[in-house]
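Chain residues, written in single-letter form:
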Amino acid sequence: MRTFRILSVEPTTIFSTKRKRLNCNSYQKIRIVFTTCNKDLGNKNFPDRNNPQAPWFPENREDLEPSTFVGIFKKLREYSEPELAYFSSAICVDSKVTVKLYEGIQNFYEAYKEENYSPIADTNESNLHNSCMRYEKQARNAADFYANFAGARILVARDESNNVLGRAVIWQDVRSLSGNLANTMLSLMDRVYYSHAFVLEMMRKEAGALGIIFRKQYNDFNHTKELVALNDMPDAGIKTGTAYSLKLAVEVPTYKWHKRGAPYMDTFFCICLLDGKMQLRNIETEGNIATCRSTDGTATPEREVCPCCGTAHYAGDNVFCSSCQQKIYSNTIFGKVIKGSTVEYQGKNYPSLLFKKRRPIPPMRTFLQVNKLYNA
């Protein structure tokens with residue numbers, strides 16, 4: 001508990017602060033409130049009028065919310081509700097907080113793993129501590145996916161003990177698919193996961209200082225297209241603070257891939273294959289082969305990629321598209337059989353038509369890589 005006397009308040013008042021704690025599984029919700037004596041100590045009928053300890057008796061004190069405490073200072077300007085909420089949240093952290101931009105799989109992994117999170121939050125619904133990607137397997141797959149496949153970076157807020165208080169994926173090479181902004185290259189700060197409300201504002205401010213063009217308008221997974229500009233982009237007519245609704249895509253490599261799995265994606269949740277190019281998109285569209293809205297660390301298949309020609313199709317009982325089935329199979333009285341010989345590759349046998357000099361042809365490479373999305 002901290003105590004302080006404010007002489008400018010009449011009558012002279014002794015304030016203190018106290019922490020209110022609530023256990024929430026892996027962390028504690030902590031709120032700071034102010035306390036003050038609510039009795040007239042000079043009243044002749046006050047039973048403990050001459051007792052110097054009387055102001056500290058529990059029955060003689062009451063709690064004040066931080067916003068009420070600020071309101072006592074009449075000479076201060078009137079603060080907005082967001083400003084008061086920021087103050088109420090910030091005083092809960094007894095440490096300097098820094099926000100930095102990182103890249104690489106290890107930095108992603110450390111920012112996602114639950115054991116690195118702050119042990120406290122200012123709410124019992126901290127979206128950081130309740131993130132579905134905080135577990136070992138999911139954190140590993142998310143780090144691998146973002147760093148080695150998606151080419152993203154990560155913005156992380158930490159306290160002086162190196163505890164993570166917030167994180168957000170930063171997308172540097174985002175292509176707009178919408179109207180007048182079609183083919184404009186943009187940058188985006190994705191959904192922010194945070195333990196304290198003020199961290200959200202700190203991270204938005206830092207993203208703006210880094211020159212990031214957009215942030216999400218709503219910090220959730222439902223609104224994938226709604227954005228707010230953090231910086232001007234005069235050539236494209238983008239103005240700071242203006243809201244936009246944009247269809248977006250991030251091009252990713254078809255062959256150079258990560259090891260396995262996929263994270264739950266708040267914004268770029270659709271994986272598409274169009275004209276041999278793979279993209280992450282914030283809308284469902286033609287060419288969609290998988291969605292990243294599973295909490296188990298894997299993607300959900302929507303369409304199959306034909307290992308013979310590379311087109312996306314609805315598989316049914318066959319991984320090959322209807323056209324390529326004729327190249328691969330022969331009809332016999334005993335049913336369909338594979339034409340030609342087979343090739344062993346990484347411990348499994350495949351039709352030799354899918355290989356050249358014992359290496360997968362490009363569509364087969366894509367097929368093998370896409371299927372890594374579904375393996376945890």
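Above this text is the structure in question.
Conventions adopted
- Every chain is numbered independently, its residues counted from 1 as its sequence is written.
- Local features in this predicted model are restricted to residues whose pLDDT is 70 or higher, and side-chain atom pairs enter the listing and the counts only when it is 80 or higher, whereas totals over whole chains, interfaces and linings include all residues.
- The basis for the side-chain values is all heavy atoms of the structure; hydrogens and waters are excluded.
- Runs of E in the DSSP output that reach at least two residues are strands. Runs of H or I that reach at least four are helices, and both are numbered from the N terminus.
- Only C-alpha atoms enter the radius of gyration, while the globule expectation follows 2.2 Å times N to the 0.38, with N the number of residues.
- Throughout, exposure labels follow a simple rule: accessible area from a 1.4 Å probe, protein chains only, divided by the maximum for the residue type, with under 20% read as buried, over 50% as exposed, and the rest as partly exposed.
- Any pair of residues with heavy atoms lying within 4.5 Å of one another is described as a contacting pair.
- Where accessible areas are quoted, they stem from the Shrake-Rupley method and a 1.4 Å probe; at the residue level, only the protein chains shown are allowed to cover.
- Side-chain atoms within 4.5 Å are what join buried Ala, Val, Leu, Ile, Met, Phe, Trp, Tyr and Cys residues into a set we call a nonpolar core.
- Axis angles are defined between N-to-C directions and span 0 to 180 degrees, where every axis is a line fitted to C-alpha atoms and, for a helix, only to the segment in contact.
- Each crossing is labelled by how the near helix is turned from the far one, with a counterclockwise turn of less than a right angle marking it left-handed and a clockwise turn marking it right-handed.
- The classification used treats Ala, Val, Leu, Ile, Met, Phe, Trp, Tyr, Cys and Pro as nonpolar, Asp, Glu, Lys and Arg as charged, and all other residues, Gly among them, as polar.
- Classification of ring pairs uses Phe, Tyr and Trp, with its six-membered ring standing for Trp, and accepts pairs whose centres are within 6.5 Å; under 30 degrees between planes counts as stacked, over 60 as edge-to-face, and the remaining range as tilted.
- Charge-over-ring contacts are defined here by two conditions on Lys NZ or Arg CZ: a distance within 6 Å of the ring centre and an angle within 35 degrees of the ring normal.
- Two strands qualify as a pair provided that DSSP identifies no fewer than 2 bridges between them.
- An expected span of 1.5 Å times one less than the residue number is assigned to each helix.
- Pairs of N or O atoms are called polar contacts if they sit within 3.5 Å, as long as, within protein, a hydrogen donor faces a hydrogen acceptor (for residues adjacent in sequence, only side-chain-to-side-chain pairs).

S.K.: I'm lost on the overall build of the protein chain in this one. Help?
M.R.: Tallying secondary structure elements over the protein chain gives 7 helices and 25 strands in all. A globule of 376 residues ought to have a C-alpha radius of gyration of about 21 Å, yet the protein chain, at 29 Å, is considerably larger. Its C-alpha atoms put the protein chain at 110 × 45 × 30 Å along the principal axes. The buried share among the 376 residues of the protein chain stands at 47%. Contacts in the protein chain between residues at least 24 apart in sequence constitute 55% of all its contacts with a sequence separation of at least 6. For the protein chain, the computed accessible surface area is about 19,900 Å², with 47% contributed by carbon and sulfur atoms.

S.K.: What is the right way to read the nonpolar core from this model?
M.R.: One finds Tyr146, Trp171, Phe214 and Leu280 to be the most contacted residues of the largest nonpolar core, which totals 55 residues. Beyond its immediate chain neighbours, meaning those up to four positions away, Tyr146 contacts Phe108, Tyr112, Gly151, Ala152, Val169, Trp171, Pro263, Tyr264 and Met265. Counting residues in each nonpolar core, the second largest holds 17 residues, with Leu155, Leu165, Leu200 and Ala207 among its members.

S.K.: Which parts of the structure should I look at to understand the packing of helix H3 (residues 105-112) against helix H4 (residues 136-150)?
M.R.: What describes two packed helices is the angle between their axes and the distance between those same axes. Between H3 and H4, whose axes approach to 8 Å, the crossing angle comes to 145 degrees. Considering only the axes of H3 and H4, their crossing is right-handed. In this structure, H3 uses Ile105, Phe108, Tyr109 and Tyr112 to contact H4, whose residues at the interface are Glu136, Ala139, Arg140, Ala142, Ala143, Asp144, Tyr146, Ala147 and Asn148. When its residues are assigned to classes, the contact of H3 with H4 shows 9 nonpolar, 1 polar and 3 charged.

S.K.: Where do I start with the packing of aromatic side chains in this structure?
M.R.: The geometry of two aromatic rings is summed up by the distance between their centres and the angle between their planes. In total, this model carries 12 aromatic pairs according to the counting rule given. For the pair Phe145 and Phe149, a centre-to-centre distance of 5.0 Å together with 70 degrees between the ring planes defines the contact as edge-to-face. Residue Phe145 and its partner Phe149 are both found in helix H4; the two are separated by 4 residues, about one turn of the helix. Under the relative-accessibility criterion, Phe145 is labelled buried at 0%. Classification of Phe149 as buried rests on a relative accessible area of 3%. Between the aromatic rings of Phe214 and Tyr244, the centroid separation amounts to 5.4 Å while the plane-to-plane angle is 75 degrees, which identifies the pairing as edge-to-face. Of the two residues, Phe214 is situated in strand E10 (residues 214-216) and Tyr244 in strand E12 (residues 243-245); the sequence distance between them amounts to 30 residues. Accessibility classification places Phe214 together with Tyr244 in one group, the buried group. The rings of Phe108, Tyr112, Phe145, Tyr146, Phe149, Trp171 and Phe268 are connected pair by pair, giving a single aromatic cluster. The positively charged end of Arg158 is found above the aromatic ring belonging to Tyr102, 5.3 Å away from the centroid. A cation over an aromatic ring shows up here: Arg167 above the ring of Tyr112, its NZ or CZ 3.8 Å from the ring centre.

S.K.: Honestly, the pairing of strand E3 (residues 27-37) in this entry has me stumped. Any pointers?
M.R.: Side-chain positions along a regular strand alternate between the two faces of the sheet. Summarising burial for E3: 9 of the 11 residues are buried, a large majority. By the bridge criterion, 2 bridges tie E3 to strand E6 (residues 120-121) in an arrangement that is parallel. Note that in E6 the partner of Gln28 across the bridge is Ile120.

S.K.: Help me out: how do you make sense of unusual backbone geometry in this one?
M.R.: A negative phi angle is the norm for most residues apart from glycine, just as the trans form is the norm for most peptide bonds. Look at Asn162: it is not a glycine, yet its phi comes out positive at around 70 degrees. Of note in the backbone geometry, Arg358 takes a positive phi value of approximately 65 degrees without being a glycine. With respect to the helices, strands and loops of the structure, Arg358 is situated in the loop between strand E24 (355-356) and strand E25 (359-360).

S.K.: What am I meant to see in H4 here?
M.R.: Because each turn of an α-helix spans 3.6 residues, side chains separated by three or four positions in sequence point in the same direction. Taking 1.5 Å per residue, 15 residues should reach 21 Å; H4 reaches 20 Å between its end C-alpha atoms and fits that length. Among the 15 residues that make up H4, 11 are buried, leaving the element largely enclosed by the rest of the structure. Of the positions making up H4, those classed as buried are Gln138, Ala139, Asn141, Ala142, Ala143, Asp144, Phe145, Tyr146, Ala147, Phe149 and Ala150.

S.K.: How should the side chain of Asp266 be read in this particular structure?
M.R.: With respect to the helices and strands, Asp266 occurs in the loop between strand E13 (248-252) and strand E14 (270-274). Here Asp266 falls in the buried class, since its relative accessible area comes to 7%. Within polar-contact distance, the side chain of Asp266 engages the side chain of Arg191 at 3.0 Å. When residues no more than four places from it in sequence are discounted, the contact partners of Asp266 are Asp190, Arg191, Tyr193, Lys216, Asp220, Phe221, Thr224 and Arg293.

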